[in-house]
Amino acid sequence: MSVKAFEFVPVIESLQLGGKAQTKIECIECCGKELYIGTNDSFLVSYIVEEKHDGNGKVIYKSNKVRHKFLELRKPVKSIKAASALNRILILIDSSLLILNMHDLDIIGGGPKLRGISTFGVNENPNINNPFCIQICVGRKKQLQVYNVTEEKLIHVKDIAVPEPTVCIAVDGAHICAALLTQYAVYNFDTNFTQQLFTYGCENFLPAICRITKEEFLVNAPEGLGMFVNAEGMSNRPPIQWSYPLRALAYSHPYILGLSDEVIMVYSILDQQQKQALSFTGGRSIGNFEGHIYVTSGTSVVSLAPVPWEKQVEVLLADSRVEEALELAQNANHFGMTKEQYQKKKKKIQQQAAFIYFSNGDFDKAHELFVSGEVDLREVISLFPNLLPSSSTFVRSIPPLHCIADVNQLFHGDEGKLREAKQFLRNFLEDVRETTSVHHTLEADTALLKLYAEISAPELEGFIAAGEITCDVRDCCEWLDRCKCYHALALLHRQARDHEKALKVWAKIISGEYKDDTFHGLDFFVECLANLKEPELLWRYADFVLSRDEEIGVGIFTLRSAHELSSDTMKPDSIVEYLHQYPKAVVKYLEHLVIKQDIQKEKFHTHLAVLYLDDILKKRKEGKEEEAMDIRMKLRHLLQISNLYRVQLLLGKMNDANLHQEAAILYGKIEEHEKALDILVHNLKDFKGAELYCVNNTQGKGLKYKHHLFETLLAVYLDPKLESEQKEEYLLPALELLNARAGDFDATKILEMIPPNWSISVVEAFLRGALRTSLHKYRMTKVESALARGENLQNRFALYDLQRHSISLHENNYCCVCKKPFSDGNFARYPNNVITHVACARHNNICPLTGKNFKSLTSLYTAR
């Protein structure tokens, strides 16, 4: 594939020296505006070349021969090199190297300085510190010689022996790449290291060397190859395959220029492929002179003006050679352009390349370039019909970045390609939203929402519900309605604060008018109602949800914030009254008030207990004993945790319903323990429950209260009115109670209660336990008494210690707190001798003057 990288611009169309037709150009050199030409008939001519631009921006050259810089030498000029730092010209004529003054072409020092020279080269990267010095290498017979050249003299640096005479050389740093008669070699004149490259030995082979970068050279090789070699003899790039026999080489990044007899070949150093071929007959030399590429024939000089890299990139992109275009844009010379300007152009090229990849269906590469090129995402969205919001005023870039009308036209209606393209857009927009700050969120979010809706993507709900989208609500609502994404439509209405429309859509889904499997059901609808700040909307839909499911529907009241209980529209009394038509709902709501909200109102507690009782009776009539038992457990829990219900009212209902367990709890609430225990023992035969009743009802009470309650339980077991069979039945639990809880009884009273016909062995365990408990109490009392006497003795000693020191109180003494004198002789003294009025001593152990804490409560001494 070809690209127009260079174009011909005439510099000197015909060389004429006094009408000598046989004069041919042998070599050239350029320094600034001065162009030096060496001829085969021993002339050195200097031209002033001026570079200009015509009206179309094309480069033109105007050349004028400088008459006084016309030098006739004795032998043909083989090579010219300019040393601008020294204002010198180095000329190789036949086998002699001359050094001339650049301004007047006079020979310096009276004649040639070096003789027997076959070729020479200037070190383009010398390791010298003098800015007014250059370094050259000359080939002389079987030697390479290195010299430093100053304005006054030549300084010999190094001699290197070579096996053959040298044909041509190139120098970089301490490395010399030399073409000998039959081989190439690289010499390091600092370390004396020699690296043999390869031989050629062809009679018609013309060796050529060109320096590429630091310590890297390009050499002409047999079989039409161009080999890249470094100082170690290695090749870091693939070779170039010349299309014509090579005569000379030049390098202008990123292009290699090879001159043949008929063609100038242009290769890219990036991929080693030929990019251009310019027909040029009779070419003799080519070179890069300070950025200007000059090619000579026998009688003319032509410049290869580089086509701006931007235009080259445009051509490559137009030819869909995207990778080449990107590589060229990355590696081309960007002279005359700021970093910001280059980055702007580079991004535009990346955007154009991305659209080309997109049109070819290479969506991964398009995605990467769209992101790195920071494309205006609206440019991408605009390729997809109807995805931009209707309110968007976006107009595509001018000049356009692409020629795509839309994806339908691009892919000719291919459904598979269209799906891939939309998946690409979805991934692109998601990536941009997550990794960068989006400048056009309205367009991005609108397009993404529409893409989700088209395929009913599971991400649609989360995308809307996240609350971080900025889309065209009206446009998106119409789109969601068209795609039958009703739940998402309601979510978007809610996101836009239009709760009435959202609830209306959800209500239609619940009632079956709309069908949407993504909707979460009545629970979700109830939660949305509960979170509304407009209670009137809640009341509007209250019957709608309660009529469908009372237990779920009551959540519109129970899930609301507790601070709304005091509002006029959400008073608990009003809600309870309203919910009477929904029996399950009113129970749930009262449970919420009493148990969760802990509302301390008797009517709510009583109301809930009555509803439990009614429900228990109803379930019993229906034969649903398991459900009735579940409700009884709730009732028992309420009766145990609450103290606000009306006990007598509930007792009357329970006695009629034979709810003995619950009745026992109520009797316990009003301190009628004998009745409660009688129910547990005689009606329920729940001996463990009776014992547990005593334990629960004595928590936090005194010892006497505990003795009384357990004695009451024992009295119920030993009731003399019981028949003999019942007495036998309760004998065992009575004994178990006595023996297990001997410490919870007053032994003297128990001995009075025990029937006289019981033997000692029956109550032996009780007596042992009672005796042990009594002995423990006696001993603990003795210990406490001894501790109290010790503490009293300590306090008395502390008081004595305070009182044994005399205190002198004078008329001029005053209280350190109120600053008043002691008028009646009463005072208080702290251990640090601070004296105050008794009334001013607020803390016995803290000094009011210094704040020091004396810890002991007896620190204050008071005298009256």
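Computed from a prediction, not measured in an experiment: that's the story for all the values here.

A.B. asks: Can you help me understand the overall build of the protein in this one?
C.D. replies: Across its full length, the protein carries 28 helices and 31 strands. In terms of overall size, the protein is more extended than a compact globule, its C-alpha atoms giving a radius of gyration of 55 Å where 864 residues would be expected to give roughly 29 Å. The dimensions of the protein, computed from C-alpha atoms along their principal axes, are 160 × 95 × 65 Å. Here the protein holds 864 residues, and the buried ones make up 46% of them. Carbon and sulfur atoms provide 49% of the accessible area of the protein, an area that totals close to 45300 Å².

A.B. asks: What is the right way to read the side chain of His487 from this model?
C.D. replies: In this fold, His487 is placed in helix H11 (residues 486-495). Those residues in contact with His487 that lie beyond four places of it in its chain are Glu461, Trp506, Ile509, Asp516, Thr518, Phe519, His520 and Phe524.

A.B. asks: Teacher, can you tell me more about the sheet that holds strand S23 (residues 255-259) here?
C.D. replies: Strand pairing in a sheet relies on backbone hydrogen bonds, with the paired strands running either antiparallel or parallel. Spatial strand order, S22-S23-S24-S25: four strands in an open sheet with antiparallel pairing. The open sheet has two edge strands with one neighbour each: strand S22 (248-252) and strand S25 (274-279). Neighbour-to-neighbour, the strand axes of the sheet open up by a mean angle of 20 degrees, direction not taken into account. The pairing of S23 with strand S24 (residues 263-268) spans five bridges and is classified as antiparallel. The residue of S24 that forms the bridge with Tyr255 is Ser268.

A.B. asks: Even after reading the chapter, I still don't get the packing of helix H1 (residues 309-318) against helix H3 (residues 339-359), so can you show me in this structure?
C.D. replies: Working note: a packed helix pair is described by the angle between its axes plus the distance between those axes. At a minimum axis distance of 11 Å, the contact between H1 and H3 shows a crossing angle of 5 degrees. The orientation of H1 with respect to H3, classified from their angle, is roughly parallel. On H3, the residues touching Trp309, Glu310, Val313 and Leu317 of H1 are Tyr342, Lys345, Ile349, Gln352, Ala353 and Ile356. When the residues that make up the contact of H1 with H3 are grouped by side-chain class, the tally is seven nonpolar, one polar and two charged.

A.B. asks: I'm lost on the environment of Arg482 in this one. Help?
C.D. replies: The topology assignment puts Arg482 in helix H10 (residues 473-482). A sequence separation of 350 residues divides Arg482 from Phe132, and the C-alpha atoms of the two residues are 81 Å apart.

A.B. asks: How do you make sense of the sheet that holds strand S15 (residues 175-180) when you look at a structure like this?
C.D. replies: Taken in spatial order, the four strands line up as S14-S15-S16-S17 in an open sheet, and their pairing is antiparallel. Two strands close off the open sheet at either side, each with one partner strand: strand S14 (166-172) and strand S17 (193-199). Strand-to-strand twist in this sheet, taken as the mean axis angle between neighbours without regard to direction, amounts to 15 degrees. In the sheet, S15 pairs with strand S16 (residues 183-188) via five bridges, with the strands oriented antiparallel. Within S16, the position partnered with Ala178 by the bridge is Ala185.

A.B. asks: What is the right way to look at the pattern of salt bridges in this model?
C.D. replies: Any two side chains of opposite charge can pair, so long as their charged atoms come close to each other. Scanning all chains against the criterion turns up 32 salt bridges. Taking the shortest distance from any N to any O, the salt bridge between Lys347 and Glu374 comes out at 3.1 Å. With Lys347 in helix H3 and Glu374 in the loop between helix H4 (363-372) and helix H5 (377-381), this pair connects stretches of sequence that are 27 residues apart. Exposure remark for Glu374: the relative accessible area of 54% places this residue in the exposed category. With a shortest N-O distance of 3.7 Å, Lys501 and Asp498 are connected by a salt bridge.

A.B. asks: Any chance you could explain the packing of aromatic side chains here in plain terms?
C.D. replies: A full pass over the atoms with the stated rule returns 33 aromatic pairs. Pairing Phe6 with Tyr255 gives two aromatic rings, centres 5.6 Å apart and planes at 70 degrees, and the pair type is edge-to-face. Of this pair, Phe6 sits in strand S1 (residues 6-12) while Tyr255 sits in strand S23, and the two are 249 residues apart along the sequence. Using a relative accessible area of 2% as the deciding quantity, one classes Phe6 as buried. Here Tyr255 falls in the buried class, since its relative accessible area comes to 6%. Grouping aromatic residues by their ring pairs yields a cluster made of Phe355, Phe358, Phe363, Phe370, Phe384, Phe411, Phe424 and Phe428. Geometry around Phe228 places Arg237 over its ring, the cationic atom sitting 5.7 Å from the centre.

A.B. asks: Can you help me understand helix H26 (residues 724-740) in this one?
C.D. replies: In an α-helix, one full turn covers 3.6 residues, which means residues spaced three or four apart are oriented alike. Its 17 residues place the ends of H26 25 Å apart at the C-alpha level, agreeing with the 24 Å of an ideal helix rising 1.5 Å per residue. Of all the bends in H26, the largest measures some 35 degrees and sits at Tyr730, one to four residues before the proline Pro733.

A.B. asks: I tried to follow the pairing of S24 on my own but got confused; where do I start?
C.D. replies: Each regular strand displays side chains that alternate between the two surfaces of the sheet. Counting buried residues along S24, six of its six residues qualify, which places the element largely inside the surrounding structure. Here S24 shows no split at all, with Val263, Met265 and Tyr267 on one side and Ile264, Val266 and Ser268 on the other all buried. Linking S23 back to S24 in an antiparallel pair, the connection comprises three residues. In the sheet, S24 pairs with S25 via five bridges, with the strands oriented antiparallel. By the bridge assignment, Ile264 is partnered in S25 with Leu278. Between S24 and S25, which follow one another and run antiparallel, lie five residues, and Gln272 among them has a positive phi close to 60 degrees.

A.B. asks: Would you mind going over the pairing of strand S12 (residues 143-149) with me for this structure?
C.D. replies: The buried fraction of S12 is high, at six of seven residues. Note that strand S11 (residues 134-140) and S12 share seven bridges and pair antiparallel. Bridge pairing in S12 links Cys137 to Val146. Here S12 runs beside strand S13 (residues 154-161); their pairing, made up of seven bridges, is antiparallel. Considered in S13, the bridge of Asn148 is made with Ile155. With antiparallel pairing between neighbouring strands as the criterion, S12 and S13 make up a hairpin whose turn holds four residues.

A.B. asks: Could you clarify how one ought to interpret the packing of H10 against H11 in this entry?
C.D. replies: H11 packs onto H10 with a crossing angle of 160 degrees between their chain directions and a minimal axis gap of 8 Å. On the basis of the axis angle, H10 is roughly antiparallel to H11. H11 is crossed by H10, and the crossing has left-handed handedness. Facing H10, whose interface residues are Val473, Cys476, Cys477, Leu480 and Asp481, H11 presents Tyr486, Ala488, Leu489, Leu492 and His493. Taken together, the residues of the contact of H10 with H11 break down into eight nonpolar, one polar and one charged.

A.B. asks: Help me understand the state of the cysteines, please; the structure alone is not making it clear to me.
C.D. replies: Disulfides are covalent bonds that link the sulfur atoms of two cysteine residues. What the rule picks out here adds up to zero disulfides. Sulfur of Cys30: no disulfide; nearest cysteine sulfur belongs to Cys31 and is 7.2 Å away.

A.B. asks: Can you walk me through unusual backbone geometry in this structure?
C.D. replies: Note: most residues except glycine have negative phi, and most peptide bonds are trans. For the bond running from His253 to Pro254, omega is 5 degrees, close enough to zero to count as cis. In this structure, Pro254 sits in the loop between S22 and S23. With an omega of -5 degrees, the peptide bond between Ile398 and Pro399 qualifies as cis. Relative to the helices and strands, Pro399 resides in the loop between H5 and helix H6 (407-410).

A.B. asks: I keep staring at helix H21 (residues 647-657) and nothing clicks. Help me out?
C.D. replies: Buried within H21 are the following residues: Val647, Leu650, Leu651, Met654 and Ala657. Here the buried residues of H21 occupy an arc of 130 degrees about the axis, which is enough to place them on one side. Away from its buried face, by an angle of more than 90 degrees, H21 presents the exposed residues Gln648 and Asp656. Residues of H21 that are buried in the fold lie against helix H19 (602-621), helix H20 (625-641) and helix H22 (660-669). In the segment just after H21, Asn658 is the residue with positive phi, at about 55 degrees.

A.B. asks: Looking at this model, I keep getting lost on the environment of Leu538. Mind explaining?
C.D. replies: Considering the arrangement of structural elements, one finds Leu538 in helix H14 (residues 535-546). With 351 residues separating them along the chain, Leu538 and Tyr187 place their C-alpha atoms 94 Å apart. Excluding residues that lie within four positions of it along the chain, Leu538 makes contacts with Leu529, Leu532, Ile556, Phe557, Arg560 and Met570.

Cut-offs and rules
- Residues numbered from 1 in each chain as written.
- Predicted model: local features only at pLDDT ≥ 70, side-chain atom pairs only at ≥ 80, totals over all residues.
- Heavy atoms only, no water.
- Helix = DSSP H or I, 4+ residues; strand = E, 2+ residues; numbered from the N terminus.
- Rg over C-alpha atoms; globule rule 2.2 N^0.38 Å.
- Buried < 20%, exposed > 50% of the residue type's maximum accessible area, 1.4 Å probe, protein only.
- Areas by Shrake-Rupley, 256 points an atom, 1.4 Å probe, with all protein chains shown as cover.
- Contact = heavy atoms within 4.5 Å.
- Pairing = 2+ DSSP bridges.
- Axes fitted to C-alpha atoms, helices over the stretch in contact; angles between N-to-C directions.
- Parallel < 35°, antiparallel > 145°, perpendicular 65-115°, else oblique.
- Nonpolar A, V, L, I, M, F, W, Y, C, P; charged D, E, K, R; others polar.
- Salt bridge = Lys/Arg side-chain N within 4 Å of Asp/Glu carboxyl O.
- Phe/Tyr/Trp six-rings, centres within 6.5 Å; stacked < 30°, edge-to-face > 60°.
- Lys NZ or Arg CZ within 6 Å of the ring centre and 35° of its normal.
- Expected span 1.5 Å × (residues − 1).
- Bend = angle between axes of the 7 residues up to and from the residue.
- Left-handed = near helix turned anticlockwise from the far one by under 90°.
- Disulfide = S-S within 2.5 Å.
- Arc of directions from axis to C-beta.

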